[in-house]
Amino acid sequence: MTDLNKRNKQEWIESATILRAEPFEIAGALFDCKADDLLSRAEVAQRLDAYLRPTKEAPAAVPVKPQVKKVKEDAQNDNSAG
């Protein structure tokens, strides 16, 4: 009975307005699905959300160097002489 609520990839693309999306957005969200895969509305909505709002991850291979302010060595900060 749950298969009645599922659609294949092309049917979801054609009915993109159900999810308030454009057909190209649905196609992008389902790019890795086979044409004959049956997907529920919840599955498509989850994939669409992930497609439209990807998580930002920093690349692990790039080390972050701290910014260090250089101090002028010729300036004297000794105020004890008076």
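A. Geometry of the overall build of the chain. A tally of regular secondary structure across the chain gives 3 helices and 0 strands. When the elements of the chain are put in sequence order from the N terminus, they spell out α-α-α. Looking at the chain residue by residue over its 82 residues, the buried ones come to 21%. Considering only contacts in the chain between residues 6 or more positions apart, those separated by 24 or more positions represent 47%. Accessible surface for the chain amounts to roughly 7600 Å². Of this, 52% is attributable to carbon and sulfur atoms.

B. Main features of the nonpolar core. Formed by Trp 12, Ile 13, Ala 16, Leu 19, Ala 21, Ile 26, Ala 29, Leu 30, Cys 33, Leu 39, Val 44 and Leu 48, the largest nonpolar core amounts to 12 residues. Contributing elements (two or more residues each) for this core: helix 1 (9-14), helix 2 (23-29) and helix 3 (41-52). Residues in contact with Leu 19, not counting those within four places in the same chain, are Trp 12, Ile 26, Arg 41, Val 44, Ala 45 and Leu 48.

C. The arrangement of the pattern of salt bridges in detail. The final tally for this structure, using the stated rule, is 2 salt bridges. The partner of Asp 49 in a salt bridge is Arg 53, and the shortest N-O contact between them spans 2.6 Å. According to the relative accessible area criterion, Arg 53 is exposed, its value standing at 56%.

Quick notes on the rules
Residues numbered from 1 in each chain as written. Predicted model: local features only at pLDDT ≥ 70, side-chain atom pairs only at ≥ 80, totals over all residues. Heavy atoms only, no water. Helix = DSSP H or I, 4+ residues; strand = E, 2+ residues; numbered from the N terminus. Buried < 20%, exposed > 50% of the residue type's maximum accessible area, 1.4 Å probe, protein only. Contact = heavy atoms within 4.5 Å. Areas by Shrake-Rupley, 256 points an atom, 1.4 Å probe, with all protein chains shown as cover. Core = buried A, V, L, I, M, F, W, Y, C linked by side-chain atoms within 4.5 Å. Salt bridge = Lys/Arg side-chain N within 4 Å of Asp/Glu carboxyl O.

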